[in-house]
Amino acid sequence: MLEIRWHSRAGQGAVTGAKGLADVISTTGKHVQAFAFYGSAKRGAAMTAYNRVDDKVIMNHEKYMEPDFVFVIDPALVFTSDVTINHKDSTVYIITTHMSTDELKAAQPKLADKKVFTVDCIKIAQETIGRPIPNTPMLGAFMKVSEMYDIEFFKDSMVRILGKLPQKIIDANMIAIQRAYDEVK
């Protein structure tokens, strides 16, 4: 079973991103879960969202997991939350930051021996979508790092998922996804 944990702040789109990823995955015949733990539901409060993916029915509905991937879409959370909690030796981290991977590892020793990828999803979202909502760029980075799906298949699926939004927002999200895919290091 593939497990993903998202660290973000309420209002940054982690729940929507987890649900969007689940929607894409569900079209490929896999079983998937997307859920969140909010604590305080106020905008800006730290929160986590989760995905589980498997070839068979997923019976586990607990929030506890040892994630295969950890997405951190608010850069401050690397320093204020323990994003490495319950990790495995093989856990892969994709972190939104303006820092390089080496700079981030030097600034946060807990990440020093981890497999970490960085990309500035907030900057990408601001420049493409016009709002600092880093969820779709994070998914673009995830497609590159995980090689789960071809980027064109993923973008086509996201066009369907975002279909109720104005076309200019859909187009901006596709650019954001591609930029993060191209820029993740």
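Everything that follows concerns the structure shown earlier in this document.
Small disclaimer: the values here were computed from a predicted structure and weren't measured.

Participant: I tried to follow the pairing of strand β6 (residues 115-119) on my own but got confused; where do I start?
Facilitator: For a regular strand, the rule is simple: side chains alternate between the two faces of the sheet. Pairing of strand β5 (residues 92-96) with β6 involves 5 bridges; the strand directions are parallel. The partner of T96 across the bridge, within β6, is V119.

Participant: For this particular structure, what's the right way to read the packing of aromatic side chains?
Facilitator: The relation between two aromatic rings is expressed through the spacing of the ring centres and the mutual angle of the planes. Applying the stated criterion to the full structure yields 5 aromatic pairs. Summarising the aromatic geometry, the rings of F35 and Y50 are spaced 5.0 Å apart at their centres and angled 20 degrees between planes, so their arrangement reads as stacked. Highlighted residues: F35 in strand β2 (residues 31-37) and Y50 in strand β3 (residues 46-54), separated in sequence by 15 residues. What links up through ring pairs into an aromatic cluster is the set W6, F69, F71 and F142. Note that K144 overlies the ring of Y181, its terminal NZ or CZ placed 4.8 Å from the centroid.

Participant: Any chance you could explain the nonpolar core here in plain terms?
Facilitator: Across soluble globular proteins, nonpolar side chains have a tendency to be buried as a group. By size, the foremost hydrophobic cluster in this structure holds 42 residues, and its most contacted members are W6 and F154. By size, the runner-up hydrophobic cluster in this structure holds 11 residues, among which are L77, V78, V83 and L111.

Participant: Honestly, the environment of R43 in this entry has me stumped. Any pointers?
Facilitator: With respect to the helices, strands and loops of the structure, R43 is situated in the loop between β2 and β3. The spatial distance from the C-alpha of R43 to the C-alpha of V72 is 17 Å, given a sequence separation of 29 residues. Once residues lying within four places of it in the same chain are set aside, the contact partners of R43 are A10 and G11.

Participant: Whenever I open this one, the sheet that holds strand β1 (residues 2-9) confuses me. Can you help?
Facilitator: The mixed open sheet is built from 6 strands, whose spatial order is β2-β3-β1-β4-β5-β6. Edge positions in the sheet fall to β2 and β6, since each of these pairs with one other strand and no more. Within the sheet, the average angular offset between the axes of one strand and its neighbour, ignoring direction, is 15 degrees.

Participant: Explain the side chain of H7 here, please?
Facilitator: Locating H7 in the fold gives a position in strand β1. Beyond its immediate sequence surroundings of up to four residues, H7 is in contact with M47, T48, V70, F71, V72, I73, D74, L77, D82 and V83.

Participant: Sorry if this is basic, but what is going on with the packing of helix α4 (residues 121-128) against helix α7 (residues 167-183) here?
Facilitator: When two helices pack together, their arrangement is given by the angle between the helix axes and the distance between those axes. Put simply, α4 and α7 touch, their axes get as near as 9 Å, and they point 150 degrees apart. Crossing of α4 against α7: the hand is right-handed. On α7, the residues touching I124, E127 and T128 of α4 are A172, I175, A176, R179, A180 and E183. Of the residues in the contact of α4 with α7, the class split is 5 nonpolar, 1 polar and 3 charged.

Criteria and thresholds
- Residues numbered from 1 in each chain as written.
- Predicted model: local features only at pLDDT ≥ 70, side-chain atom pairs only at ≥ 80, totals over all residues.
- Heavy atoms only, no water.
- Pairing = 2+ DSSP bridges.
- Helix = DSSP H or I, 4+ residues; strand = E, 2+ residues; numbered from the N terminus.
- Phe/Tyr/Trp six-rings, centres within 6.5 Å; stacked < 30°, edge-to-face > 60°.
- Lys NZ or Arg CZ within 6 Å of the ring centre and 35° of its normal.
- Core = buried A, V, L, I, M, F, W, Y, C linked by side-chain atoms within 4.5 Å.
- Buried < 20%, exposed > 50% of the residue type's maximum accessible area, 1.4 Å probe, protein only.
- Contact = heavy atoms within 4.5 Å.
- Axes fitted to C-alpha atoms, helices over the stretch in contact; angles between N-to-C directions.
- Left-handed = near helix turned anticlockwise from the far one by under 90°.
- Nonpolar A, V, L, I, M, F, W, Y, C, P; charged D, E, K, R; others polar.

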